[in-house]
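Structure assessment
Residues per chain, in single letters:
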Amino acid sequence: MELINASIIEIAEAVKTKKASAKEVATFFMKRAENLNPKLNAYTSFNKQAIQDAEAIDARIAKGEDVGVMAGVPFGIKEMFCTKGITTNAGSKILQNFVPPYDATVVARLKKAGIVITGKLNQDEFAMGSSNETSFFGATKNPWNLECVPGGSSGGSAAAQAARMCAGTLGTDTGGSIRQPASFCGIVGVKPTYGRVSRYGIIAYASSLDQAGPMVSTVKDAALTLEVISGHDERDSTTSQRKVPTYSKDLSTNVKGMKIGLIKEYMHGGLHADVQKTVDQAISTLKSMGAEFVEVSVPMTEFAVPVYYLVAASEASSNLARYDGVKYGYRAEFANLSAVDLEDFYGKTRGEGFGKEVKRRIMLGTYCLSSGYYDAYYNKAGQVRRLIMNQYRDAFKKCDVILSPVTTSPAFKIGERVSDPLTMYLNDIFTTSTNLAGLPGMSVPFGMSADGLPIGVQLTGAHFDEQKMLNVGCALEGASSVKGKTPNV
Amino acid sequence: MYRGYEAVIGIEIHVQLNTESKIFCSDSTQFNAGDNENTSPVSVGMPGTLPVMNKRAVEFAIKTGLALGCHIRKKSVFARKNYFYPDLPKGYQISQYDQPICEHGSITFKVGEQSKTIKITRAHLEEDAGKSNHLGDFTMINYNRAGIPLLEVVTGPDLRTPQEAAEYGRTIRQIVRYLGVCDGNLEEGSMRCDCNVSIRKVGDERLGTRTELKNINSFRFVEKAIEYEIERQIDLVERGEKVIQETRLWDPDKNKTFTMRSKEEAQDYRYFPDPDLLPLVVSDELINRMKSELPELPIARKNRFVSAHALPESDAEVLTTEKDLADFYEETAIVSKNFKGAANWIMTELLRELNSNNLEIRASPIKPMQLGQLITMIDKGTISGKIAKSVFPEMWKTGKDPEVIVKEKGLVQVSDPAAVEKIVDEILAANVSQVVDYKSGKKNLFGFFVGAAMKASKGQANPDLVNQILQKKLNG
């Protein structure tokens, strides 16, 4: 087994059967991550205990213990997830030195399955961004082209996974933050149905939209990871009680007779030629495998981006209120603290602690929720959101899975869009409606641009029907032009 | 009525529900814990933590709502009330806004001889904030209270006098104590009372500008604070000035209210439904179960004591002030089968001892069974009422059963006519001159003979028998 290309499943198998030790696996990936990080800035910190953690897994295996389905798999964790004893900063100065005394439920579940944490992965500050450029810890580079962004907000996860600086990563997706960087970096990224995965211990951006999911190299690894992290959590009231299917076991490439929907409203052009080509090829590939294509309509999706930014910013303005310098995290320095007025204390701390994009969204959200504006903005956005949900529900009466582009273009250049938030926001045009409707979505690497950048295809499933979506992804994966290609870093 | 004005008063009472754990996490709610001992990542609002509803708090809210005649919403919604303050860990308080769990209730209580009914607009669940202690240049924050469940009970603007307001508060306190959902302790803050006060000319339909009074930690102060505020507002209006909408604090030392913050600084709380909590859905089954668990409420119980036990209304009133007291009375009454006797003993002897020892009825060293037995012993003639009065302090001191004390001290009443006759004979023999006086017309000496006979028997002679025999001997 060549570790650099090994899947999660292969590594776990090798470790469990003692064909490879967890320690040698961890050593390999840690070394590679440390070597590449100065170039990519994918990691914000490394787990100093990684090798000891791997040794502990080996020791347990030596004793004959069952260490779980992810035994010894080196996993990178986005900064959005609380990790017990390991700094968790959400890409922000305001949490720069915050060390949580608890693990996010999904991290705890992965640990229980046997992973070794390699470190924490860079991201847009509080997941607010589509390019990883809003991170307080500097932009992450796309391993396929160091001048390009890796996407965001889970850009560190996507870059680290694409460059094989770990064997698996975890991202969060509020409006496309798993799928868009997965597309830009040529990996598989899955955002589960809202309520499928616990949000406990994940730093909240927009609570009604946030979901965590795998960002890995293969669809099967995604299926396995999803299996491990899914399921009801008594600490998160919004998690579903539904049983977790055995996604990886039930994975199939058979799409014969499956009905795949194409959203009418997405078909008025404007796509980058390479993206259009990728989508067209995906359609013909699936057709050749026996899938049927049907046109579906989600008219309200036209408003998805504005609705998303109203809902997300409103919730964020409230979620981020706790970062006030009182209890933990960054506190501004004052020459004479006892003489400082409370308002000034908050103002300076939050003014210095948050970056520009975060402040922009807090202000937008505060405005939307203000008395006199609530009905026109937050409430109206909620109404449109319900319509989007209903229209998707109707669409899924006609099809099993919906296929669409992930983004309008392949990865763009670093710095190209930072000064133009509106263009940056429009980048989320194909991804946000999935979050608004609470549906599962994924990006599967499928095409390559003329410039040698990977391009993903987006698949959206019906509520809690991750399986069909994964199956279509698995079918596409076999015919992917990204397959066998690795970024040259 | 005040100088041709009337007051319009509405009250918000925060009832701290005495659940074992906090409203959205498993932290203890114990009052005496050390600073920040009752905290966890959830209650101090650490990143990524989420609230999970405490079912017990919901049950307590439903019970209270039912007792206040409220409609219980099948679906209520938690909302975030956003504002910044250091003792508010998340920068928002989880509360209920447009869809509270209880609404449209009413409550009837007495103010002097008058019966008053007021509307309960709503009662909603929310979490408490922590507590800031300002020490010189520093503020210390204790988050033990952060996340303690509160039920905020809100009246319509139906109260008209400070006395009504105070009585309303006392009634709510009595009810929540009956329900066992709150200890009703204003000083420890387990009940907090905010009063909205405005004035208007009698006959005027429009409401005047109101002020909100806070920091009132007894119902006596509720009365005083509102009284002060009404006069202050009338003075302002009479001087041609305007009442400013503001929050005022009551200062019990100065007997005044003073400005805390005015409307200019008033907050926009930016309420919106909390996406971390699903709407709270309660089943008919739960509501019915809560209904079946409701104890008999004070007014109903008082009325029953009057009608079924034939107690005077004033006695029934005193005995139903507290559920424990009413329970004590009722048990004593059942044991002794003497309702008025039980009422009298409790209201005079027992309450006096409890008050002078500053004890709750629950802590009484005399149990209802024992007091009932004591009353039975009197009624059966085993001991006299007078002896009983000397047995009672022994019971209080030792906790022993009355039979035991009577036996140990040899206090059994002498009811044997021969024995009593012997005592009477001895008395008459020893007081020949008084007998002569009596027979010559000094009839008021009768009491002297009774007293002497009782004294000679150390109080144990049956007084009725002494009377009878004396009558026979002296007048027969």
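Fair warning: this is a prediction, and the values are worked out from it, not measured in the lab. (Residues numbered from 1 in each chain as written. Chains lettered and ligands numbered in written order. Predicted model: local features only at pLDDT ≥ 70, side-chain atom pairs only at ≥ 80, totals over all residues.)

**Some remarks on the overall build of chain A**
- Across its full length, chain A carries 15 helices and 11 strands.
- Taken over C-alpha atoms, the radius of gyration comes to 21 Å for chain A, in line with the 23 Å a tight globule of 489 residues would show.
- With respect to the three principal axes, the spread of C-alpha positions in chain A is 70 × 60 × 45 Å.
- Taking all 489 residues of chain A together, the buried fraction comes to 62%.
- Partitioning the intrachain contacts of chain A with sequence separation of at least 6 by distance along the chain shows that 77% fall at a separation of at least 24. (Helix = DSSP H or I, 4+ residues; strand = E, 2+ residues; numbered from the N terminus. Rg over C-alpha atoms; globule rule 2.2 N^0.38 Å. Buried ≥ 20, exposed ≤ 12 C-beta atoms within 10 Å, placed from the backbone. Contact = placed C-beta atoms within 7 Å.)

**Looking at the domain arrangement of chain B**
Residues and elements named next belong to chain B.
- Taken domain by domain, chain B consists of domain 1 (5-288), domain 2 (296-408) and domain 3 (417-475).
- For domain 1 and domain 2, the distance between their C-alpha centroids amounts to 37 Å.
- Domain 1 puts 5 residues into the contact, and the matching count from domain 2 is 5 residues.
- Tallying contributions element by element places helix α2 (residues 162-179) first for the side of domain 1 that touches domain 2, with 4 residues. (Domains from an automatic or database assignment.)

**Digging into the pairing of strand β10 (residues 149-155) of chain B**
Residue and element names in this part refer to chain B.
- When you tally the buried positions in β10, you get 5 out of 7 residues, the bulk of the element.
- Two elements, strand β1 (residues 5-16) and β10, share 5 bridges in a ladder whose sense is antiparallel. Each residue of the ladder has a partner; that of Glu-12, found in β10, is Val-154.
- As defined by bridge partners, strand β7 (residues 114-127) adjoins β10 across 7 bridges and the pair is classed as antiparallel. Across the sheet, His-124 pairs through a bridge with Glu-152, a residue of β10. (Pairing = 2+ DSSP bridges.)

**A word on the interface of chain B and chain A**
- Listed by partner, the interface residues are 26 residues for chain B and 36 residues for chain A.
- A class-by-class count of the residues in the side of chain B that touches chain A yields 16 nonpolar, 4 polar and 6 charged. (Nonpolar A, V, L, I, M, F, W, Y, C, P; charged D, E, K, R; others polar.)

**Here we look at the sheet that holds strand β5 (residues 92-96) of chain B**
Residue and element names in this part refer to chain B.
- Spatial ordering of the open sheet is given by β5-β4-β15, a layout of 3 strands whose pairing is antiparallel. In the strand order of this sheet, the two ends are held by β5 and β15 (272-273), each with one partner.
- Where strand β4 (residues 78-82) and β15 come together, 2 bridges link them in antiparallel fashion. Pairing of Arg-80 across the sheet is with Phe-272, part of β15.

**Let's talk about the packing of helix α1 (residues 55-67) of chain B against α2(B)**
Residue and element names in this part refer to chain B.
- Running from amino to carboxyl end, α1 crosses α2 at an angle of 130 degrees, the nearest separation of the two axes being 10 Å. For the element pair α1 / α2, the angle class is oblique. The handedness of the crossing between α1 and α2 is right-handed. For the pair α1 and α2, the contacting residues are Lys-63, Thr-64 and Ala-67 in the first and Ile-175, Val-176 and Leu-179 in the second.
- Classifying every residue of the contact of α1 with α2 by side-chain character gives 4 nonpolar, 1 polar and 1 charged. (Axes fitted to C-alpha atoms, helices over the stretch in contact; angles between N-to-C directions. Parallel < 35°, antiparallel > 145°, perpendicular 65-115°, else oblique. Left-handed = near helix turned anticlockwise from the far one by under 90°.)

**Notes on the pairing of strand β12 (residues 211-216) of chain B**
All names here are of chain B.
- The pairing of strand β11 (residues 191-201) with β12 spans 4 bridges and is antiparallel. From the neighbouring strand, Asn-196 faces β12, where its bridge partner is Glu-212.
- As defined by bridge partners, β12 adjoins strand β13 (residues 246-251) across 4 bridges and the pair is classed as parallel. By the bridge assignment for β13, Lys-214 is matched with Leu-249.
- Between β12 and its parallel partner β13, the chain crosses via helix α3 (residues 219-238), and the hand of that crossover is left-handed. (Right-handed = clockwise from strand over helix to strand, strands pointing away.)

**Thoughts on the nonpolar core**
- Residues A:Met70, A:Val73, A:Phe75, A:Val116, B:Ala61, B:Cys195 and B:Val222 are the most contacted members of the largest nonpolar core, which totals 221 residues.
- The element that contributes the greatest number of residues to this core is helix α9 (residues 304-319) of chain A, accounting for 10 residues.
- What B:Val222 contacts, discounting residues up to four positions off in sequence, is B:Ala165, B:Ala166, B:Gly169, B:Cys193, B:Cys195 and B:Ile216.
- B:Phe328, B:Ala343, B:Ile346 and B:Phe392 belong to the second largest nonpolar core, which has 30 residues in total. (Core = buried A, V, L, I, M, F, W, Y, C linked by C-beta atoms within 7 Å.)

**A closer look at the packing of helix α7 (residues 219-229) of chain A against helix α15 (residues 466-478) of chain A**
Residue and element names in this part refer to chain A.
- With their axes 9 Å apart at the nearest point, α7 and α15 run at an angle of 160 degrees to one another. Viewed along their axes, α7 and α15 adopt a mutual orientation that is roughly antiparallel. Once α7 is placed against α15, the crossing between them reads as left-handed. Residue-level contacts link Val-219, Ala-222, Ala-223 and Leu-226 of α7 to Glu-466, Leu-470, Gly-473, Cys-474 and Glu-477 of α15.
- Partitioned by chemical class, the residues of the contact of α7 with α15 number 6 nonpolar, 1 polar and 2 charged.

**Thoughts on unusual backbone geometry**
Residues and elements named next belong to chain A.
- Put simply, Gly-152 and Ser-153 share a cis peptide bond, and its omega is 5 degrees.
- Here Ser-153 shows up in the loop between β3 (116-121) and α5 (155-162).
- With phi around 55 degrees, Arg-164 is a residue other than glycine that occupies positive phi space.
- Looking at the element boundaries, Arg-164 is found in the loop between α5 and β4 (168-173).

**Focus on the sheet that holds strand β7 (residues 259-263) of chain A**
Residue and element names in this part refer to chain A.
- The 11 strands lie next to each other as β1-β3-β2-β4-β6-β5-β10-β11-β9-β7-β8, forming an open sheet whose pairing is mixed. Whereas interior strands pair on both sides, the edge strands pair on one side only; in this sheet they are β1 (43-46) and β8 (292-296). Across the sheet, the mean angle separating the axes of adjacent strands is 30 degrees when strand polarity is ignored.
- Summarising the sheet, strand β2 (residues 74-78) and β3 pair through 5 bridges and their orientation is parallel. Within β3, the residue paired with Ile-77 across the bridge is Lys-120.
- Against the sheet, α7 engages β4, β5 (188-191), β6 (211-216) and β10 (441-448), with an angle of about 145 degrees to β6.

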